[in-house]
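Reading the structure
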Amino acid sequence: MSSISPTLPQSTYNTLIQRSIDLLQLYRHAASSCEPGLKVVLDENAQTLAAMIGDLQAQLHASGGKPSRSGTMRGAMRRHIAGSLTRMASHRDVAWIRELSDGESSLLHAFERVVAELPPESALALRRQLPRLNSIHLDMDNLAGTAS
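Residues numbered from 1 in each chain as written. Predicted model: local features only at pLDDT ≥ 70, side-chain atom pairs only at ≥ 80, totals over all residues. Heavy atoms only, no water.

1. Some details on the overall build of the protein chain
Helix and strand content of the protein chain: six helices and zero strands. Put simply, the protein chain runs from its N terminus to its C terminus through helices and strands in the order α-α-α-α-α-α. Expected size for 148 residues packed as a compact globule is a radius of gyration near 15 Å; at 16 Å, the protein chain falls within 12% of this value. If one aligns the C-alpha atoms of the protein chain with their principal axes, the spans along those axes are about 50 × 25 × 20 Å. Per-residue burial over the protein chain gives 43% buried out of 148 residues. (Helix = DSSP H or I, 4+ residues; strand = E, 2+ residues; numbered from the N terminus. Rg over C-alpha atoms; globule rule 2.2 N^0.38 Å. Buried < 20%, exposed > 50% of the residue type's maximum accessible area, 1.4 Å probe, protein only.)

Laid out in structure tokens, this is it:
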């Protein structure tokens with residue numbers, strides 16, 4: 001039995017995968033320009049996202065779907081804009097924390113919306129990813145709280 005229900009369209013799954021890839025790339029971009037202590041946290045969150053994306057792609061592939069392997073143009077534009085804005089910020093790390101916190105919160109809410117809209121058995125594969133996203137959410141909330 002497939003872990004992805006036919007009631008979860010491949011396009012919905014791929015949209016979540018693409019948004020996750022966008023955030024992963026934003027984390028990697030931010031980590032490349034942050035101080036070493038923050039870089040460690042961002043790298044750990046990026047690894048968590050990469051594992052989650054890999055799981056989602058494998059689940060979609062196993063059910064006969066074709067998983068997305070790249071992010072969106074919107075995500076690329078966001079990385080470019082965020083990189084430009086943080087370079088101009090007086091506190092770059094704080095600017096990155098806020099940007100990543102917003103992106104992470106948006107992704108978490110997108111997953112929660114899809115999970116809430118589906119029958120429980122159809123949302124199981126996505127619901128399994130929520131602890132990973134919540135872990136990143138807590139990290140970023142804690143960092144945003146201390147950066148204020």
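Okay, back to it.
2. Focus on the packing of helix H3 (residues 73–88) against helix H4 (residues 92–117)
One way to put it is that H3 packs onto H4 with a least axis distance of 8 Å and a crossing angle of 150 degrees. Between H3 and H4, the crossing angle belongs to the class labelled roughly antiparallel. Note on packing geometry: the crossing formed by H3 with H4 is right-handed. Across the interface between the two elements, Arg78, Ala82, Gly83, Thr86 and Arg87 from H3 touch Arg92, Ala95, Trp96, Glu99, Asp102 and Gly103 from H4. (Axes fitted to C-alpha atoms, helices over the stretch in contact; angles between N-to-C directions. Parallel < 35°, antiparallel > 145°, perpendicular 65-115°, else oblique. Left-handed = near helix turned anticlockwise from the far one by under 90°. Contact = heavy atoms within 4.5 Å.)

3. Describing the environment of Thr86
In this fold, Thr86 is placed in helix H3. In this structure the C-alpha to C-alpha distance between Thr86 and Trp96, which are 10 residues apart in sequence, comes to 6.5 Å. If we skip the residues at most four places from it in the chain, Thr86 touches Arg92, Ala95 and Trp96. Side chain to side chain, Thr86 and Trp96 meet in a polar contact 3.3 Å long. (Polar contact = N/O pair within 3.5 Å; in protein donor to acceptor, adjacent residues only side chain to side chain.)

4. Section: the nonpolar core
Ranked by internal contacts, the top residues of the largest apolar core, which has 39 residues, are Tyr27, Leu42, Leu49 and Phe111. For this core, the secondary-structure elements that each account for two or more residues are helix H1 (10–31), helix H2 (36–62), H4, helix H5 (120–127) and helix H6 (130–147). It is H1 that provides the largest number of residues to this core, a total of 10 residues. Filtering out sequence-adjacent residues up to four positions away, Phe111 remains in contact with Leu16, Ser20, Met52, Leu56, Leu126, Gln129, Leu130 and Leu133. (Core = buried A, V, L, I, M, F, W, Y, C linked by side-chain atoms within 4.5 Å.)

5. Here's the deal with the side chain of Thr86
The class of Thr86 is buried, set by a relative accessible area of 4%. Here the side chain of Thr86 touches Gly83 through a polar contact of 3.1 Å, landing on its backbone oxygen.

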